[in-house]
Amino acid sequence: MPKAYVFTRHGGPEVETLVEQDVPVPGPGELLVAVRAAGVNPVDWKLRTGYVRPGSEIQPFPTVFGSEAAGVVEGVGPDVEGFAIGDEVFGNPLTGGYAEYTLLPVAVTAHKPDGLSFTDAAVLPVAVATAYDGVRQLGLAPGSTLLVTGAGGGVGAAAVQLARHAGIRVVGVAGAAKKDFVESLGAVHIASGPGLADRVRAVAPEGPDAVFDLVGGDTLRAVAPLLADPAALISAGDKPLAVELGGAAVERARNAAVLDEVAKLAATGALRTHVNRSFPLTGAGDALRAVESGHTLGKIVIEVGA
């Protein structure tokens, strides 16, 4: 039977395990996909601890990990148009990505470009799409200055690249160990930690035109006052605090059109996914521990199929 990596109840790493499960059956508007790769994101372990996405329901246990996946269509449900068996696709799975088989809803599924690997496609639906939505939401003009906190992570690295592609100057906040990486993306690196606001003022005396926050907490509190307009703050790292400070949460589009756009950027080389490490499905726990540490550089992927 096919395998999947799940959590059996809410808790810590002790509730994770590799199990065998039946192949899911696609319903209306759904695709059965043989998974080739799945992206690993902080939300994966947060869901294990009991976090519930706004507007979502708690999933029954055991719950398969994984919010983004890429693979090959092996079954097509009723009322599906534009997809066929054998198509190479990627998107946000209904039944988890850390599995040999999953279901993808066509509303958030896109065709994988021929020049894009499954590994790279698998990390587009969450981190890169979040970055794309955020940069578009801010609507900055070329020549503007954007401050990105958490610039060395998956969403941050994508946000830096997308903003630079749009002609925006980027100041990226990240740990000192990520300096070379952040600068390689085209951003001005600023070390996180005490004195952050002063270091930002040194490179942007008039303050940034906008802040894209991916960290929250003390980092967000330090940089928010640098904005002339608090409404130019968006966050995917600490949404309640962003609202408290006069900003807003990143508004997610969550549709196939955005996936098509980011796939084109990745396929043409305008955007690099920066997959730093990959693990087999049997090593999914190690992949989660790496992301849960909060110190990963770029993206981590679970390689599932042949």
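Our subject is the structure that appears above.
Residues numbered from 1 in each chain as written. Predicted model: local features only at pLDDT ≥ 70, side-chain atom pairs only at ≥ 80, totals over all residues. Heavy atoms only, no water.

## Looking at a positive patch on the surface
Phase 1 of the analysis: On the surface, a cluster of positive charge is made up of K46, R53, K239 and R254.
Phase 2 of the analysis: Mapped onto the elements of the fold, R254 is located in the loop between β14 (248-249) and α9 (256-268). (Patch = residues over 30% accessible without salt bridge, like charges linked within 9 Å, V, L, I, M, F, W, Y side chains within 5 Å. Areas by Shrake-Rupley, 256 points an atom, 1.4 Å probe, with all protein chains shown as cover. Salt bridge = Lys/Arg side-chain N within 4 Å of Asp/Glu carboxyl O. Lys, Arg positive; Asp, Glu negative; His and termini not counted. Charge placed at Lys NZ, Arg CZ, Asp CG, Glu CD. Helix = DSSP H or I, 4+ residues; strand = E, 2+ residues; numbered from the N terminus.)

## Details of the environment of T273
Phase 1 of the analysis: Structurally, T273 is set in the loop between α9 and β15 (275-280).
Phase 2 of the analysis: Relative accessible area serves as the criterion here: at 11%, T273 is assigned to the buried category.
Phase 3 of the analysis: Distance from T273 to A127, taken between C-alpha atoms, is 9.4 Å for residues 146 residues apart in sequence.
Phase 4 of the analysis: If near-sequence neighbours (up to four positions away) are discounted, T273 is found in contact with D120, V123, L124 and K299.
Phase 5 of the analysis: For T273, the side chain forms a polar contact with the side chain of D120, separated by 2.6 Å. (Buried < 20%, exposed > 50% of the residue type's maximum accessible area, 1.4 Å probe, protein only. Contact = heavy atoms within 4.5 Å. Polar contact = N/O pair within 3.5 Å; in protein donor to acceptor, adjacent residues only side chain to side chain.)

## A look at the sheet that holds strand β1 (residues 3-7)
Phase 1 of the analysis: One open sheet holds the 3 strands; their spatial order is β2-β1-β4, and the pairing between them is antiparallel. Unpaired on one side and paired on the other, β2 (16-20) and β4 (63-64) mark the two borders of the sheet.
Phase 2 of the analysis: For β1 and β4, the ladder comprises 2 bridges, and the chain directions are antiparallel. Considered in β4, the bridge of F7 is made with T63. (Pairing = 2+ DSSP bridges.)

## Some words on helix α4 (residues 154-165)
Phase 1 of the analysis: For α4, with 12 residues, the first-to-last C-alpha span of 17 Å sits near the 16 Å given by 1.5 Å per residue.
Phase 2 of the analysis: In terms of residue burial, α4 counts as a mostly covered element, since 9 of its 12 residues are buried.
Phase 3 of the analysis: Looking at α4, one finds that the buried residues are V155, G156, A157, A158, A159, V160, Q161, L162 and A163.
Phase 4 of the analysis: Residues of α4 that are buried sit in contact with α3 (124-138), β9 (145-149), β10 (169-174), α5 (179-184), β12 (210-213) and α9.
Phase 5 of the analysis: Looking at the residues trailing α4, positive phi occurs at G167, about 80°. (Expected span 1.5 Å × (residues − 1).)

## Thoughts on helix α10 (residues 284-292)
Phase 1 of the analysis: Regarding α10, the residues found buried are A284, G285, A287, L288, A290 and V291.
Phase 2 of the analysis: Contact partners of the buried residues in α10: β1, β2, β3 (30-40), α1 (42-49), β15 and β16 (299-303).
Phase 3 of the analysis: Two residues or fewer past α10, G294 is found with a positive phi of approximately 80°.

## Let's talk about the pairing of β9
Consecutive side chains along a regular strand alternate between the two faces of the sheet.
Phase 1 of the analysis: In terms of burial, β9 is a largely internal element, 5 of the 5 residues being buried.
Phase 2 of the analysis: Side chains of β9 alternate between two faces, with T145, L147 and T149 and L146 and V148 buried alike.
Phase 3 of the analysis: In the sheet, β9 pairs with β10 via 5 bridges, with the strands oriented parallel. Residue pairing in the sheet places T149 in a bridge with V173 of β10.
Phase 4 of the analysis: The β-α-β motif built from β9, the intervening α4 and the parallel element β10 has right-handed crossover chirality. (Right-handed = clockwise from strand over helix to strand, strands pointing away.)

## Things to note about the pairing of β15
Phase 1 of the analysis: Where β15 lies against β16, 5 bridges are found, and the strand directions are parallel. Among the inter-strand pairings, S278 is bridged to a residue of β16, identified as V301.
Phase 2 of the analysis: Since β15 and β16 lie parallel, the crossover through α10 that links them has a hand, and here it is right-handed.

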